[in-house]
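Structural overview for review
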Amino acid sequence: MTNTVITQNTTWSGEVNIENNIQIADGVTLTIEEGSVITGGSIEVWGSLIIDGSAGNLVTLNDVEIAIGDRYLKSHVVDIHYADINGGSFGAWYGGNYQLTDSVVDSWADWQYIWYPSSDVLIARNTFKDVGKFSIGVTAGVVTFENNLFYDTVNTSSPVIENWVAYGDPVLVTGNSFMNTNRVAVGLKDGYSDTKITATGNWFNTTNIDEINVRVLDQNDSLSYASVIDVSGYLSAADSSTPVVDGIPDLGTLSTVSANTVITQNTTWSGEVNIEN
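Residues numbered from 1 in each chain as written. Predicted model: local features only at pLDDT ≥ 70, side-chain atom pairs only at ≥ 80, totals over all residues. Heavy atoms only, no water.

1. Some remarks on the overall build of the protein
Note the threshold: Only DSSP runs of H or I reaching four residues or more are called helices, and only runs of E reaching two or more are called strands; each is numbered from the N terminus. Restricting the calculation to C-alpha atoms gives the radius of gyration, and the globule rule supplies 2.2 Å times the number of residues raised to the power 0.38. In this analysis, two residues are considered to be in contact whenever any of their non-hydrogen atoms come within 4.5 Å of each other. In this description, accessible areas are obtained by the Shrake-Rupley approach with a 1.4 Å probe, and a residue is regarded as covered only by the protein chains that are shown. Within this scheme the basic residues Lys and Arg register as positive and the acidic residues Asp and Glu register as negative, but His and the chain ends are omitted. For the purpose of locating charges, the reference atoms are NZ of Lys, CZ of Arg, CG of Asp and CD of Glu.
For the protein, the helix and strand inventory stands at one helix and 27 strands. For a compact globule of 277 residues, the expected C-alpha radius of gyration is about 19 Å, and the protein comes in at 20 Å, within 12% of that figure. Overall, the protein is about 75 × 40 × 30 Å in size when its C-alpha atoms are taken along their principal axes. Long-range contacts, defined as pairs at least 24 residues apart, comprise 52% of the intrachain contacts of the protein with a sequence gap of at least 6. Accessible surface computed for the protein: about 12700 Å², of which carbon and sulfur atoms make up 45%. Once the 9 positive and 33 negative side-chain charges of the protein are each reduced to a mean point, those two points are 5 Å apart.

2. Looking at the sheet that holds strand E14 (residues 97–101)
Quick note on the threshold: DSSP-based pairing: two strands are paired if at least 2 bridges between them are found.
In space, the nine strands of this open sheet follow the order E2-E5-E8-E11-E14-E17-E20-E23-E26, with parallel pairing throughout. Among the strands making up the open sheet, the edge pair consists of strand E2 (10–12) and strand E26 (197–198).

3. As for the nonpolar core
Here is the rule: In this description, a nonpolar core means a group of buried Ala, Val, Leu, Ile, Met, Phe, Trp, Tyr and Cys residues linked to one another through side-chain atoms lying within 4.5 Å. Here's how the labels work: a residue is buried when its accessible area is under 20% of the maximum for its type, exposed when over 50%, partly exposed in between, all with a 1.4 Å probe on protein chains only.
Grouped together as the largest cluster of nonpolar side chains are 62 residues, with contacts concentrated most on Trp12, Leu49, Trp93, Phe134, Phe145 and Ile161. Beyond its immediate chain neighbours, meaning those up to four positions away, Trp12 contacts Ile6, Ile18, Ile22, Leu30, Thr31, Ile32, Glu33, Ser36, Ile38 and Ile43.

4. Focus: the pattern of salt bridges
Cut-off, in case you're wondering: The salt bridge criterion pairs a side-chain nitrogen of Lys or Arg with a carboxyl oxygen of Asp or Glu, the two atoms within 4 Å.
This model, assessed by the stated rule, comprises four salt bridges. Among the salt bridges present, the one from Arg183 reaches Asp152, with a minimum N-O distance of 3.1 Å. Of this pair, Arg183 sits in the loop between strand E24 (177–178) and strand E25 (186–188) while Asp152 sits in the loop between strand E21 (149–151) and strand E22 (161–166); the two residues are 31 residues apart in sequence, bridging distant segments of the chain. The residues Arg183 and Asp152 share a single accessibility class, namely buried.

5. Here's the deal with the packing of aromatic side chains
Our working definition: Geometry of aromatic contacts follows a simple scheme: Phe, Tyr and Trp rings, the Trp one being its six-membered ring, pair when their centres are within 6.5 Å, and the pair is stacked under 30 degrees between planes, edge-to-face over 60, tilted otherwise.
Tallied over the full model, the rule gives 17 aromatic pairs. For the pair Trp93 and Phe134, a centre-to-centre distance of 6.4 Å together with 80 degrees between the ring planes defines the contact as edge-to-face. Of the two residues, Trp93 sits in strand E13 (residues 92–94) while Phe134 sits in strand E19 (residues 134–138), which places them 41 residues apart along the sequence. Looking at Trp93, the relative accessible area reads 1%, which means it is buried. Ring geometry for Phe128 versus Phe150: centroids 5.1 Å apart, planes at 10 degrees, classification stacked. With Phe128 in strand E18 (residues 127–129) and Phe150 in strand E21, the pair connects residues that are 22 residues apart, well separated along the chain. Of the two residues, Phe128 and Phe150, both sit in the buried class. Aromatic ring contacts, followed pair by pair, group Phe90, Trp93, Tyr98, Trp108, Phe128, Phe134, Phe145, Phe150, Phe178 and Phe204 into a single cluster.

Distances and angles like these do not, on their own, reveal function.
Below, the structure is given as structure tokens:
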């Protein structure tokens, strides 16, 4: 695929069909105005990408791949608000500065890697349909998932949000609706030592604490996980600031993920004990 390099601040509006790879140079901003429809191709961000929709006039992205040009540059910016995103991908959020708010994302391919962002990351008030796992590694700042709706029309075995390193603050997950009761909602990476998530005040599409715990992968499932995820204050319905979608399919209930029983307090056995896991 050939490249088109944007070397000065540029604004797109209306309908734009991308037929190659657009590269935004370091120090340069591409702004996509409200109501624009962008189709195909890829946008490689070395500088800044601002998708600038509004509540009544979204920016539409159809099968657009968003990528980061240099993961070590740290200065790039991707700020997406009020977008309708259909297909495509944004697989690797390396370094840099990111916000994704008030948008609808349908069928982003593969996983979304948020790797060592340069500053706080806010992912808020979005609707995610059939989107792969968010895999997160943090050395500085806080990655926050707030008031998002996550749902699937087909089952997937990956967690919605997984942390594989958090050297500073924990990944913050609050006010979200995790509607697929047959999918792990939040989890830690097995065998990694510095992992932590705080997931208080979410709606898990159930108030059954046993069903909620099955959808949380942490040290309660195996001592190979580094910590316990706090899911206290779980909600009995969607938060009023979180999007709602009608007609979400029922994909069943997750029965178990871990084959372990973890003993977390002093325990004495006597008599006959049959260990089944």
